[in-house]
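Summary of structural features
Given next are the chains, with one letter for each unit.
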Amino acid sequence: MLTGREDEAAQRIGAEFTKRVAASGMPDKASFIDLHEVETFSLPQQARAYDLVVMTRHAAEVGREHAEVRPDVVALRSGRPVITVPDDFAGQVPEHIVLAWDGKRAAARALGDMLNLMPDIQKVTVVSVAKQPEPKAEAGDDVIAYLGRHGIEAQWLHRDAGRRRITHTLLDVCAEVGADMLSMGAYEHSKFTEDLLGGVTRDILTDARLPVMMSH
């Protein structure tokens, strides 16, 4: 029964996809893959030949685990950035992005991916969440100046999460500044630790109501 319902859903989605591609006038630049017809398909492996993966968060919802690979797993295993979007996302190109910044490798990767893939960025709000603000950046390490060299207006915000989760603090900032997207590094700590004890990556997939770009 479950397989039959998924086949019906795939047919409906495929028909809508074909219709939209035809309307765009670029039928030769898109293809629809029904995974029920492919014996060996790995989304993380396929993603390595593309610049970006955009997917919904269905995989993070209870009861949907069988249907999709998790977006964070795609980012972790493919080496490519992944943008997760809400189900009601209408495809707006982000202009104001919140960058979650802790100065570590994954955050730097998120910064680079964001600049390479989002040419229409007008403003970036860099947010650090810690008990104490970071010391003044040394020459060459100032992310605000770095963004300025790319012609992007940027501001720095520091927040102390206190007893609240870092996730809620980041999402509150997104709402406060009116951001179109959140950009962050995925799994700076091990995936096993985050799955076992909980972490920002997993919580963002559950709680975010705006597009999120994850890089690893």
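Being a predicted model, the structure only gives us computed values, none of them experimental. (Residues numbered from 1 in each chain as written. Predicted model: local features only at pLDDT ≥ 70, side-chain atom pairs only at ≥ 80, totals over all residues. Heavy atoms only, no water.)

1. Things to note about the overall build of the chain
Per the secondary structure count, the chain includes eight helices and seven strands. Expressed as a percentage of its 216 residues, the buried residues of the chain come to 35%. Restricting to contacts in the chain with at least 6 residues of sequence separation, those with at least 24 account for 76%. Taken as a whole, the chain presents about 13,000 Å² of accessible surface, with 51% of it coming from carbon and sulfur. (Helix = DSSP H or I, 4+ residues; strand = E, 2+ residues; numbered from the N terminus. Buried < 20%, exposed > 50% of the residue type's maximum accessible area, 1.4 Å probe, protein only. Contact = heavy atoms within 4.5 Å. Areas by Shrake-Rupley, 256 points an atom, 1.4 Å probe, with all protein chains shown as cover.)

2. A look at the sheet that holds strand β3 (residues 96-100)
Read across the open sheet, the seven strands follow the order β1-β2-β7-β6-β3-β4-β5; overall the sheet is mixed. Both edges of this open sheet fall to β1 (53-56) and β5 (153-159), since each of them pairs with a single strand only. Pairwise comparison of adjacent strand axes, ignoring direction, gives a mean angle of 25° for this sheet. Here β3 runs beside strand β6 (residues 181-185); their pairing, made up of three bridges, is parallel. Pairing of Val 98 across the sheet is with Leu 182, part of β6. (Pairing = 2+ DSSP bridges. Axes fitted to C-alpha atoms, helices over the stretch in contact; angles between N-to-C directions.)

3. Re helix α1 (residues 2-24)
Helix length check: α1 (23 residues) gives 33 Å between terminal C-alpha atoms against 33 Å at 1.5 Å per residue, within 8%. By the burial criterion, the buried members of α1 are Ala 10, Gly 14 and Val 21. Phi for Gly 25, located one or two positions after α1, is positive at around 80°. (Expected span 1.5 Å × (residues − 1).)

4. Some remarks on the pattern of salt bridges
A complete count under the given rule lists five salt bridges for this structure. With a closest N to O distance of 2.9 Å, Arg 159 and Glu 176 form a salt bridge. Highlighted residues: Arg 159 in strand β5 and Glu 176 in helix α6 (residues 166-177), separated in sequence by 17 residues. For Arg 165, the salt bridge identified is with Asp 207, shortest N-O distance 2.9 Å. Of this pair, Arg 165 sits in the loop between β5 and α6 while Asp 207 sits in helix α8 (residues 200-207), and the two are 42 residues apart along the sequence. (Salt bridge = Lys/Arg side-chain N within 4 Å of Asp/Glu carboxyl O.)

5. Quick look at the pairing of strand β7 (residues 212-215)
For a regular strand, the rule is simple: side chains alternate between the two faces of the sheet. Across the two faces of β7 the burial is the same, with Val 212 and Met 214 and Met 213 and Ser 215 all buried. Bridging between strand β2 (residues 82-85) and β7 involves three bridges; their strand directions are antiparallel. Of the residues in β7, the one forming a bridge with Ile 83 is Met 213. Inspection of the sheet shows β6 paired to β7 by four bridges, in the parallel sense. Bridge assignment links Leu 182 to a residue of β7, and that residue is Val 212.

6. Points about the packing of aromatic side chains
Scanning the entire structure with this criterion turns up one aromatic pair. On the basis of an interplanar angle of 45° and a centroid distance of 5.6 Å, the ring pair of Phe 17 and Phe 32 is categorised as tilted. Of this pair, Phe 17 sits in helix α1 while Phe 32 sits in the loop between α1 and α2 (43-47), and the two are 15 residues apart along the sequence. On the basis of relative accessible area, Phe 17 is assigned to the partly exposed category, the value being 29%. (Phe/Tyr/Trp six-rings, centres within 6.5 Å; stacked < 30°, edge-to-face > 60°.)

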